[in-house]
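If you want the building blocks of each chain, they are given just below.
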Amino acid sequence: MTISFPPDFVWGAATAAYQIEGAYNEDGKGESIWDRFAHTPGKIKNDETGDVACDHYHRRQADVQLMRDMGLQAYRFSIAWPRILPAGRGRVNQAGLDFYSRLVDGLLEAGITPFVTLYHWDLPQALQDRGGWANRDTAQYFADYAGLVCRRLGDRVLRWITHNEPWVVAFMGHQLGRHAPGLTDTRSALRAAHHLLLSHGLAAPVIRQHSPAAEVGIALNINHVDPAGDSEADLAAARRLDGYTNRWFLDPLAGRPYPADMVEYYREQGQLPQEMDFMGDDLPIIATPIDFVGLNYYTRLVARAGGEPTVPEGAPVTEMGWEVYPDGLYHVLNRLHTEYHLPKIYITENGAAYSDGPDETGRIADTRRRDYLRLHFAAAQRAIQAGAPLAGYFVWSLMDNFEWAHGFSQRFGLVWLDYRTQERIIKDSGHWYSAVIAQNGFSETQPHNISGAD
Ligand code: IFM
């Protein structure tokens, strides 16, 4: 059976600035919260940092050539705010803008469409020192920064993503303390979540002003949530987990109030910020019409009463411990379409961490990643057939990179990175992906025939 995609479907790969660029203190770049967090002993596995990472800042041209060789049609990358505005606002660092401008030119010359994320977690430390995302002022600073970047790149970049995974920024960074800035306070997390959404709503019209032909969207990590069992308590846990991770962001973006059950829950816990009612006044700004939602999908969450989400016994997992559950992608795409009536969806991230490395011939036979992608591509295609307005797919990630608190221990790349030498080797999954792009699909009977690698 042939799995094929609509004729104008866009195939790409994604990265983020802090995870690949390195050059953390070069050419006038300011400190980010991730520089500060990673330089704090004990925060990152093996105390690794993104100081050098994939050295992409110095290898931009070779990396664009690599993408061209792979046949990518689009590339999603993020801009490091402190490279542009070292203190988050005020003085502009032209060298930072020049870097991204050259990257965009190189991509366009290679026939690769740039999808630009404005915020993928590296807030200027100077803004954190003023309260970061928990401070309402940061929303306006973000819109100002967005305007500055779009003035320079908006003639050539026509796909803009304001934020990557605001849930992760707000809750991993401010409630669970596992990401920068490392806070453990739910009230701050809720404030941060609100200001991230507000900043998105403030930035969208500014982007359009400088880039009138642009499509503007936001990338959300939406999980498919199932209850562990059919008890009332498990069903309630699933509803809460869905409210916590999904509805808290989707509802206001779709023009609805914050979910009442979650507001009530946070109130009962004494965690609701005092200014919550006042936050409601911002809802029309947050709900500013967007052109697409970016979906970052990796796994499903199985909720159980009184405990952390679990993985069903015997279920396949990636090296992150995340269940491989392609049907969840189908369900989430369907839900975004039927429940939230989104105009357009891009899968802005999907991929898997497996550590397979080169054999004695230098080949990387990462069969599990290829199978993971194949199953998820098929699920996406089923969702398109069911009516989901899915316009493109970005594999996370172009290359192995700095996986946040896990350091370099988790490898998501289509391309292998030797961090000692900075050598790049396209993995079997990368070769297979090139063939999928070239054919705009794949044959279910040929997934093990890895083109270019044999
Ligand atoms: O590496 C991250 C990325 O930065 C955001 N989404 C999930 C990926 C894998 O954890």
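About the cut-offs
- Position labels on residues start from 1 in each chain and follow its written sequence.
- Owing to the predicted nature of the model, reporting of local features is limited to residues with pLDDT of at least 70; listing and counting of side-chain atom pairs is limited to 80 or more, with chain, interface and lining totals taken over all residues.
- Hydrogen atoms and water are omitted, and side-chain values are computed over all heavy atoms in the structure.
- One heavy atom suffices: a residue is near a molecule or strand as soon as one of its heavy atoms comes within 4 Å of it.
- Here a polar contact means two N or O atoms within 3.5 Å. Within protein one must be a hydrogen donor candidate and the other an acceptor candidate, and residues neighboring in sequence count only if both atoms are side-chain atoms.
- Values of accessible area rely on a 1.4 Å probe in the Shrake-Rupley scheme; residue burial ignores everything except the protein chains shown.
- Amino acids are sorted into nonpolar (Ala, Val, Leu, Ile, Met, Phe, Trp, Tyr, Cys and Pro), charged (Asp, Glu, Lys and Arg) and polar (every other residue, Gly among them).
- Strands here mean DSSP runs of E at least two residues long; helices mean DSSP runs of H or I at least four residues long; both are numbered from the N terminus.
- Exposure classes here rest on a 1.4 Å probe applied to the protein chains alone. A residue is buried below 20% of its type maximum, exposed above 50%, and partly exposed in between.
- It only takes one pair of heavy atoms within 4.5 Å for two residues to be counted as in contact.
- Pairing between two strands is assigned when DSSP locates at least 2 bridges connecting them.
- Axis definition: a line fitted to C-alpha atoms, over the contacting stretch in the case of helices. Angles run 0 to 180 degrees between N-to-C directions.
- Aromatic rings from Phe, Tyr and Trp, with only the six-membered ring used for Trp, were paired whenever their centres fell within 6.5 Å, and each pair was classed as stacked if the ring planes differed by under 30 degrees, edge-to-face if by over 60, and tilted otherwise.
- For a Lys NZ or an Arg CZ to count as sitting over a ring, it must be within 6 Å of the ring centre and within 35 degrees of the ring normal.
- Any carboxyl oxygen of Asp or Glu that lies within 4 Å of a side-chain nitrogen of Lys or Arg is treated as forming a salt bridge with it.
- Orienting the strands away from the viewer, one traces the path from the first strand over the helix to the second; a clockwise path indicates a right-handed crossover.

Engineer: Outline the site of the ligand, supporting the account with residue identities and numerical values.
Structural biologist: The ligand sits among Q19, H120, W121, N164, E165, Y298, W322, E349, W396, E403, W404 and F412. Side-chain polar atom of E165 to a nitrogen atom of the ligand: 2.7 Å apart, as the coordinates give it. Contact distances for the ligand include 2.5 Å between an oxygen atom and a side-chain N or O atom of E403. Calculation on the ligand without its partners gives an accessible area of 280 Å², and the protein chains cover 95% of this total. For the shell around the ligand, the residue count by class is six nonpolar, three polar and three charged.

Engineer: Go over the side chain of H56 with me, naming the residues and quoting the values.
Structural biologist: Looking at where H56 falls in the secondary structure, it is placed in the loop between α2 (33-38) and α3 (60-70). Since its relative accessible area comes to 2%, H56 is described here as buried. When neighbours within four sequence positions are excluded, H56 is seen to be in contact with I20, E21, D63, Y75, F99, L103, M399 and R424.

Engineer: Provide a residue-level description of the environment of L85, including the pertinent values.
Structural biologist: Positionally, L85 belongs in the loop between α4 (81-84) and α5 (94-109). Residue classification places L85 among the buried positions, given a relative accessible area of 5%. If near-sequence neighbours (up to four positions away) are discounted, L85 is found in contact with G90, R91, V92, P124, Y145 and L148.

Engineer: Explain the sheet that holds strand β11 (residues 390-396) to me, using residue names and the numbers behind them.
Structural biologist: Here eight strands make up a closed barrel; going around it, the order is β2-β3-β4-β5-β6-β8-β10-β11 and the pairing parallel. Averaged over all neighbouring strand pairs, the angle between strand axes comes to 25°, with direction disregarded. Two elements, strand β10 (residues 345-349) and β11, share three bridges in a ladder whose sense is parallel. Residue pairing in the sheet places Y346 in a bridge with G392 of β11.

Engineer: Let's hear about the packing of aromatic side chains: which residues, and what values?
Structural biologist: Under the counting rule described, the total for this entry stands at 43 aromatic pairs. The interplanar angle of 80° and the centroid separation of 6.0 Å between the aromatic rings of Y298 and F412 together place this pair among those described as edge-to-face. A residue pair is termed long-range when its members are at least 10 positions apart, and Y298 in the loop between β8 (292-296) and β9 (300-303) and F412 in the loop between β11 and β12 (415-418) qualify at 114 residues. F412 gets classed as buried once you look at its relative accessible area, which sits at 3%. Between F377 and Y393 the ring centres are 4.7 Å apart and the planes differ by 80°, which places this aromatic pair in the edge-to-face class. With F377 in helix α15 (residues 367-385) and Y393 in strand β11, this residue pair connects regions lying 16 residues apart in the sequence. In this structure, F377 and Y393 share a single accessibility class: buried. An aromatic cluster is present here, built from F5, F9, W11, F377, Y393, W432, Y433 and F442 joined pairwise through their rings. Positioned over the ring face of Y325 is R300, at 3.9 Å from the centre of the ring. Directly above the ring of Y330 sits R382, whose terminal nitrogen or CZ lies 4.9 Å from the centroid.

Engineer: Can you lay out the pattern of salt bridges for me, pointing to particular residues and giving the numbers?
Structural biologist: Tallying each qualifying case throughout the model produces 34 salt bridges. Residue R156 pairs with D105 through a salt bridge whose shortest N-O separation is 2.8 Å. A residue pair is termed long-range when its members are at least 10 positions apart, and R156 in the loop between α7 (137-153) and β5 (159-164) and D105 in helix α5 qualify at 51 residues. R374 is the salt-bridge partner of E444, the closest N and O atoms lying 3.6 Å from each other. Of this pair, E444 sits in the segment after β14 (441-443) while R374 sits in helix α15; the two residues are 70 residues apart in sequence, bridging distant segments of the chain. Overall, R374 belongs to the buried group, its relative accessible area being 14%.

Engineer: An account of the pairing of β5 is requested, with residue identities and associated values reported.
Structural biologist: For β5, the tally of buried residues reaches five of six residues, placing the bulk of the element in the interior. Pairing of strand β4 (residues 113-119) with β5, which is carried by three bridges, proceeds in the parallel orientation. Bridge pairing in β5 links Y119 to H163. Looking at chain direction, β5 and strand β6 (residues 215-221) are connected through four bridges and run parallel. Note on β6: the bridge partner recorded for R159 is E215.

Engineer: Before we move on, can you summarise the pairing of β10 with the specific residues and values?
Structural biologist: Where burial is concerned, most of β10 is hidden: five out of the five residues are buried. Sheet analysis places β8 next to β10, joined by four bridges and oriented parallel. Bridged to N296 within β10 is E349. Handedness of the crossover joining β10 and β11 through α15 is recorded here as right-handed.

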